[in-house]
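Geometric and topological summary
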Protein chains: 2
Amino acid sequence: MLEIREAGPSDFDQLWPIIEPIVHAGETYPYATDTNRANAYRLWMELPAATYIATEGGMAVGTYYLKPNQPALGAHVCNAGYMVHAQARGRGIGRALCRHSIAEAQRLGFEAMQFNLVVCTNHGAIKLYRDLGFEVVGTLPKAFNHARDGLVDALVMYRWLDAD
Amino acid sequence: MLEIREAGPSDFDQLWPIIEPIVHAGETYPYATDTNRANAYRLWMELPAATYIATEGGMAVGTYYLKPNQPALGAHVCNAGYMVHAQARGRGIGRALCRHSIAEAQRLGFEAMQFNLVVCTNHGAIKLYRDLGFEVVGTLPKAFNHARDGLVDALVMYRWLDAD
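Residues numbered from 1 in each chain as written. Chains lettered and ligands numbered in written order. Predicted model: local features only at pLDDT ≥ 70, side-chain atom pairs only at ≥ 80, totals over all residues. Heavy atoms only, no water.

1. Structural notes on the pairing of strand β2 (residues 50-56) of chain B
Residue and element names in this part refer to chain B. In terms of burial, β2 is a largely internal element, six of the seven residues being buried. Direction of pairing for strand β1 (residues 2-6) relative to β2: antiparallel, over a ladder of five bridges. Paired with Glu3 across the bridge in β2 is Thr55. By the bridge criterion, seven bridges tie β2 to strand β3 (residues 59-68) in an arrangement that is antiparallel. By the bridge assignment for β3, Thr51 is matched with Tyr65. Turn length for the β2-β3 hairpin, with the two strands adjacent in sequence and antiparallel, is two residues, and the turn residue Gly57 shows positive phi of about 55°. (Buried < 20%, exposed > 50% of the residue type's maximum accessible area, 1.4 Å probe, protein only. Helix = DSSP H or I, 4+ residues; strand = E, 2+ residues; numbered from the N terminus. Pairing = 2+ DSSP bridges.)

2. Some details on the confidence of the model for chain A
For residues with low pLDDT, the predicted coordinates do not support detailed interpretation. With 99% of its residues at a pLDDT of 70 or more, chain A has an overall mean of 97. On the interface metric, ipTM, the complex scores 0.96, and its pTM is 0.97. (pLDDT = per-residue confidence, 0-100.)

3. Examining the interface of chain A and chain B
Of the residues lining the interface, 30 residues belong to chain A; the matching set on chain B comes to 30 residues. Applying the counting rule to chain A against chain B returns zero salt bridges. In this structure, the connection of chain A to chain B is made through twelve residue pairs in polar contact (both at pLDDT 80 or more). Going through the elements one at a time, β5 (112-119), β6 (135-146) and β7 (150-160) of chain A are the ones with two or more residues in the side of chain A that touches chain B. Here the residues of the side of chain A that touches chain B sort into 18 nonpolar, ten polar and two charged. (Contact = heavy atoms within 4.5 Å. Salt bridge = Lys/Arg side-chain N within 4 Å of Asp/Glu carboxyl O. Polar contact = N/O pair within 3.5 Å; in protein donor to acceptor, adjacent residues only side chain to side chain. Nonpolar A, V, L, I, M, F, W, Y, C, P; charged D, E, K, R; others polar.)

4. Remarks on the relation of the copies chain A and chain B
Mapping chain A onto chain B calls for a rotation angle of 180° and an axial translation of 0.0 Å; the resulting RMSD is 0.0 Å. Read as a symmetry element, the transformation amounts to a two-fold axis. No C-alpha of chain A approaches the rotation axis more nearly than that of Gly138(A), which lies at 1.9 Å. The overlap is high: 100% of the interface residues of chain A also sit at the interface in chain B, so the same surface is used on both sides. (Least-squares fit on C-alpha atoms with pLDDT ≥ 70 in both.)

5. Topic: helix α1 (residues 12-25) of chain A
Because an α-helix completes one turn every 3.6 residues, residues spaced three or four positions apart along the sequence face the same direction. Residues and elements named next belong to chain A. Compared with the 20 Å implied by 1.5 Å per residue over 14 residues, the 20 Å span of α1 between its first and last C-alpha is a close match. Along its length, α1 reaches its greatest deviation from straightness, about 25°, at Ile19, and the proline Pro21 lies no more than four positions downstream. Of the residues making up α1, those classed as buried are Phe12, Leu15, Trp16, Ile18, Ile19, Ile22 and Val23. Looking at the buried positions of α1, the neighbouring elements they touch are α2 (37-46), β2 (50-56), β3 (59-68) and β4 (77-84). Positive backbone phi, approximately 65°, marks Gly26, located one or two places after α1. (Expected span 1.5 Å × (residues − 1). Bend = angle between axes of the 7 residues up to and from the residue.)

6. Remarks on the packing of aromatic side chains
Considering all chains together, one arrives at 24 aromatic pairs over all chains under this definition. Taken together, a centroid distance of 5.7 Å and an interplanar angle of 15° make the contact between Tyr29(B) and Tyr31(B) stacked. Ring pairing ties together the aromatic residues Tyr52(A), Tyr64(A), Tyr82(A), Phe115(A), Tyr129(A) and Phe134(A), which thus form one cluster. For the cation-ring pair, Lys142(A) lies above Trp160(B), with the distance from its terminal atom to the ring centre recorded as 4.4 Å. (Phe/Tyr/Trp six-rings, centres within 6.5 Å; stacked < 30°, edge-to-face > 60°. Lys NZ or Arg CZ within 6 Å of the ring centre and 35° of its normal.)

7. Here's the deal with the environment of Val61(A)
Residue and element names in this part refer to chain A. Relative to the helices and strands, Val61 is located in strand β3. Once the C-alpha coordinates of Val61 and Gly124 are considered, the two residues, 63 residues apart in sequence, prove to be 17 Å apart. Sequence-distant contacts of Val61, defined by excluding residues within four places in its chain, comprise Leu2, Ile18, Ala54, Thr55, Glu56, Met83, Val84, His85, Ala88 and Ile93.

8. Here we look at helix α4 (residues 123-131) of chain A
All names here are of chain A. Those residues of α4 that fall on the buried side of the exposure criterion are Ala125, Ile126, Leu128 and Tyr129. Viewed along the axis of α4, the buried residues span an arc of 165°, placing them on a single side of the element. Of the residues in α4, the exposed ones pointing more than 90 degrees away from the buried face are His123, Gly124 and Lys127. Contacts from the buried residues of α4 go to β4, α3 (93-107), β5 and β7. Phi turns positive, to about 95°, at Gly133, one or two residues after α4. (Arc of directions from axis to C-beta.)

This is the structure in structure tokens:
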């Protein structure tokens, strides 16, 4: 049974083992591949407006953050990032996180959601976001320096939140 | 005779009178319309990788900043923002700033430049960026809350720097 709730500082012990290998791989997020725990804490727990943890039987299996994508006159559009534990993939947890984030973003008063840098090789994420109503509104040529593939395109994906 | 050089802290006395009315108008930048001098200093002078001042006869007539648009794996793409003094518009200063920024970005090792939120009503900027080789690579529906016009679309514009 998947539970998703807001994460507090003490949850980071369980989140870092999810985040660290994803950041280290350098395939989906732009963060430096050698990002350490303290920097990750700042990026994932402090800078966002809110951070969430998904657990199954008390074990962390996923996490996401929400934050305004721009300052004041663009702050009605939020940005989110999702991570699923390597051992928990393929079971719909990413989808559950994304659905939860859409509801939570609406609750927090955001009106739209934007992903700024969806790596074009991240087919699973692109399909998931499309399934949940996001559209590709832009393509950034060679904007992501993929750790294995080198410079690859990134997509901008966007969804108005009341568009169900 | 227009001179463009890197700005230091003591230049901000001359930059704030350029920045303040533009931010206050809420028509082109997402910053809060009541952004104060200290916050503007942080946004324009401290957070960017570099900030520049354009002068004519010793008077500041324009300014721009350059910064990486994303962390490490996206940091080869820079972002820039330009402002021209209200009394100095229509004389090609914005164009000179943008040209200068392209050369300077290359010198600093950036490989591409991206504007994340070009307000669709900012026709002058859109034309200028197009003229200088930027393409509209995305449209963000109602992503900018224009102080007079309400929610309007914003464009993502992008240029690879060696594409002359």
